[in-house]
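Inside the fold
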Amino acid sequence: MRVRTGLILLLATCASAAAGCGGDGTPPAESTTRPRNSSPITLAVVPKALGFDFWRQVRLGAECAASKHEQVTVRWDGVTAETDVVGQVNLLQRFIGQDVDGIVYAATDAAALAPITDQALANRKVVVNIDSGTYPQPSGVPLFATDNVAAATRAADLLAQALGPGEKKIAFFLYEPGSATNDQRAQGFKAGLARHPRIRIVAEQSTQSDFTTAVSVTERILATTPDLDGIFAANEPTALGAAEAVQKSGKAGRVTLVGWDAAPQGVKLMQDGVITSLVAQNPFRMGYDGVNAAVKMIREGGTVSSADTGVSYLSAQNLTSPRHQALLRPSCANPPV
């Protein structure tokens, strides 16, 4: 991971230097974007990857926000895997070289994407992060995301409550080391688990944010640890893959599974008793707030503050609440914001 990130950082820094200076080596123009009151705006909106229900809802929110403004166009594009950091770097560099006014994106790797944000700012593009930011997070770049540390801490409490009394063994499935959200969820979950010393992590694995990998990892752990009591799966494909393996093994209802994100398949598995509870983010709001912030920064100038987009804790018992139904079935007519 360190080698990969170092190579990507070198690539991004070199590209940034080439794009950020004139042919004679002169420094770039002042990066502050001038206010543009009502002229057309084109925004590139880039998720970590295409294909997941989470990012589909981000797109719905982004396009909904654009429709609320005059002459705002969204260009949606992304790589096919959240682990394709180089691909996202290249995609964002192409957008920086195009006639877009701003970039709204979720960083696949917090360190590797920081130079890309710097490059975009040097080229007078407004930048907004959604879901995942960079290390460091520039003061002028707002981040609209879940408070992952707090939400994962609460997830540890939910798992402990569902497991009940006595000594328990659990598996902890991460998904993408280097991603800000992955690291924050690991921090929060372990902090929460420290309040429950009777619960012990006996396996900690990364699924590379891939459903098939999550299935195989879970199957292996269930086979080698037949007395496993619980699992915490920290994102959508990881939770769905873990649930698939638990169900196939015949241990649904015997292995407590707390997952992250609320894809329709995950909700159905929760209703069927395979998943105990889900930490549901608000991806629609991430896209919605991210585009609104970019438009405001371009048309009015100045900065916009970062914001926590909120989280809900779902169970089979509370799914029917109007608030949760709006979260699970977002639309521009009934936005969960």
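Along each chain, numbering runs from 1 in the same order as the chain's sequence is written. Residue-level local features of this predicted model are given only where pLDDT is at least 70; pairs of side-chain atoms are given and counted only at 80 or more, and the full residue set underlies all totals for whole chains, interfaces and linings. To obtain the side-chain values, all non-hydrogen atoms of the structure were used and water was disregarded.

Under the annotation held in an unreviewed UniProt entry, the chain carries the name ABC transporter substrate-binding protein and is attributed to Phytohabitans rumicis. UniProt positions are given in the numbering used here, feature names are shortened, and annotations may be inferred rather than shown by experiment. Quoted verbatim from the Sequence similarities (unreviewed entry) heading of the UniProt record, the comment on the chain is "Belongs to the bacterial solute-binding protein 2 family." Its UniProt record gives the chain the following Subcellular location (unreviewed entry) comment, quoted word for word: "Cell envelope".

With that out of the way, let us pick up the pairing of strand E12 (residues 311–314). Burial status follows relative accessibility: with a 1.4 Å probe on protein chains alone, a residue under 20% of its type maximum counts as buried, one over 50% as exposed, and anything between as partly exposed. By definition, any uninterrupted DSSP run of H or I lasting at least four residues is a helix, any uninterrupted run of E lasting at least two residues is a strand, and each is numbered from the N terminus. Burial of the side chains of E12 is restricted to one face: Ser312 and Leu314 are buried, whereas none of Val311 and Tyr313 on the reverse face is. Judged from the four bridges that link them, strand E10 (residues 277–281) and E12 form a sheet pairing that is antiparallel. Its bridge partner lying in E12, Val279 is registered against Tyr313. At least two bridges found by DSSP between two strands are what make those strands a pair.

A few words on the sheet that holds E10. Reading across from one edge, E7-E6-E8-E9-E10-E12 is the order of the six strands in this open sheet, with mixed pairing throughout. The two strands at the open ends of the sheet, each matched to only one other strand, are strand E7 (199–206) and E12. Each adjacent strand pair in this sheet contributes to an overall mean axis angle of 15 degrees, direction not counted. Pairing geometry for strand E8 (residues 230–233) and strand E9 (residues 256–260), over three bridges, is parallel. Among the inter-strand pairings, Ile231 is bridged to a residue of E9, identified as Leu257. Docked against the sheet, helix H8 (residues 236–248) engages strand E6 (168–174), E8 and E9, running at close to 155 degrees with respect to E9. Fitted lines through C-alpha atoms serve as axes, helices being fitted only where they are in contact, and the angles separating the N-to-C directions of these axes extend from 0 to 180 degrees. Here, two residues are considered to be in contact whenever any of their heavy atoms come within 4.5 Å of each other.

What follows covers the environment of Phe52. In this fold, Phe52 is placed in the loop between strand E1 (41–46) and helix H2 (53–67). As a C-alpha pair, Phe52 and Ala263 span 211 residues in sequence and 8.3 Å in three-dimensional space. Setting aside residues no more than four positions away along its own chain, Phe52 makes contact with Glu82, Ser209, Glu236 and Pro237.

Contact pair helix H5 (residues 148–163) / helix H6 (residues 180–193): the axes reach a minimum separation of 7 Å and the direction vectors enclose 40 degrees. By the angle class used here, H5 and H6 are oblique. Viewed along their axes, H5 and H6 form a crossing whose handedness is right-handed. Between H5, through Asn148, Val149, Ala152, Thr153, Ala155, Ala156, Asp157 and Leu159, and H6, the contact on the second element is made entirely by Thr181, Gln184, Arg185, Gln187, Gly188, Phe189, Ala191, Gly192 and Leu193. Throughout, the ten residues Ala, Val, Leu, Ile, Met, Phe, Trp, Tyr, Cys and Pro are labelled nonpolar, Asp, Glu, Lys and Arg are labelled charged, and all others, Gly among them, are labelled polar. Residue composition of the contact of H5 with H6, grouped by class: eight nonpolar, seven polar and two charged. These descriptions rest on fixed angle ranges, namely under 35 degrees for roughly parallel, over 145 for roughly antiparallel, 65 to 115 for roughly perpendicular, and the rest for oblique. Take the far helix as the reference: if the near one is turned anticlockwise from it by less than a right angle, the crossing is left-handed, and if turned clockwise, right-handed.

This part covers the side chain of Asn182. Relative to the assigned elements, Asn182 resides in helix H6. What qualifies as a polar contact is a pair of N or O atoms within 3.5 Å, subject to a donor-acceptor requirement within protein and to the restriction that residues adjacent in sequence count only when both atoms come from side chains. A polar side-chain atom of Asn182 sits 2.9 Å from the main-chain amide nitrogen of Glu176. There is a polar contact of 3.2 Å between the side chain of Asn182 and the side chain of Asp183. Excluding its chain neighbours within four sequence positions, the residues that come into contact with Asn182 are Leu174, Tyr175, Glu176 and Pro177.

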